[in-house]
Amino acid sequence: MSLDPTARRANFKDSIKRFFCSGYTGELTFDKSLSSPDLLNDKSVDRWVNIDLGEIDRGYMSTVPLEVYCASRKDPEGFKLAQLTDTMVDLLSDTTMTDGMKRIPFYRSVPSGPDDWVLLGSFVVQDITESKELRAPDNTKYIILFVTLKTASKI
């Protein structure tokens, strides 16, 4: 017996990556540390977002935590960082919904091509909590958005 597609970490990860890649046009990384965005030695990058998938609680209503790191350099008063953080919160919110909760498409991903994605349902952005402005040793400023996604799964 194999694991149902609605409970597969690979599908969680691929769906989240697809959402951010299609919704944000700036510099975006996955699974990288804050110090590595000289993004392939390009010191001209002055703002970026890193998405980190957390510890998933699989169940009939799975909980998928994300840490969204909004980071900036060459930003003396943190204005670029504030704008970037606002952009991410806006991406993860939906004011057209009565509850304000964004629905993110949840797919079964197949590595053979982009047309092979099968819609399984959606993630609901249940909660967004924001850290204070933090500073890395190289003076990169960053804010972490702690995002909680929920989705129905078959376990």
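In this report, the structure presented in the accompanying data block is examined. Because the structure is predicted, anything quoted here is derived from the model rather than measured. (Residues numbered from 1 in each chain as written. Predicted model: local features only at pLDDT ≥ 70, side-chain atom pairs only at ≥ 80, totals over all residues. Heavy atoms only, no water.)

1. Concerning helix 2 (residues 79–91)
Since the α-helix turns once every 3.6 residues, residues separated by three or four places project in the same direction.
At step 1: In a regular helix each residue adds 1.5 Å, so 13 residues correspond to 18 Å; helix 2 covers 18 Å between its end C-alpha atoms and thus fits that length.
At step 2: Tucked into the core, helix 2 has its buried residues touching helix 1 (9–23), strand 2 (47–53), strand 3 (61–72), strand 5 (118–130) and strand 7 (141–152). (Helix = DSSP H or I, 4+ residues; strand = E, 2+ residues; numbered from the N terminus. Expected span 1.5 Å × (residues − 1). Contact = heavy atoms within 4.5 Å.)

2. What about the packing of aromatic side chains?
At step 1: Scanning all chains against the criterion turns up six aromatic pairs.
At step 2: Residues F12 and F123 carry aromatic rings whose centres are separated by 5.9 Å and whose planes lie at 65 degrees to one another, so their mutual orientation is edge-to-face. A residue pair is termed long-range when its members are at least 10 positions apart, and F12 in helix 1 and F123 in strand 5 qualify at 111 residues. An identical accessibility class is assigned to F12 and F123; each is buried.
At step 3: Ring centres of Y107 and W117 lie 5.5 Å apart, and the angle between their planes is 80 degrees; this geometry places the pair in the edge-to-face category. Here Y107, found in strand 4 (residues 103–108), pairs with W117, found in the loop between strand 4 and strand 5; they are 10 residues apart in sequence, far enough to count as distant.
At step 4: Note on Y107: relative accessible area 17%, which makes it buried.
At step 5: Here the aromatic residues F12, F106 and F123 are joined through ring pairs into a cluster of three or more.
At step 6: Residue placement shows K17 over the ring face of F30; its charged tip is 5.3 Å from the ring centre.
At step 7: Here R18 stacks its cationic end above the ring of W117, 4.6 Å away from the centre of that ring. (Phe/Tyr/Trp six-rings, centres within 6.5 Å; stacked < 30°, edge-to-face > 60°. Buried < 20%, exposed > 50% of the residue type's maximum accessible area, 1.4 Å probe, protein only. Lys NZ or Arg CZ within 6 Å of the ring centre and 35° of its normal.)

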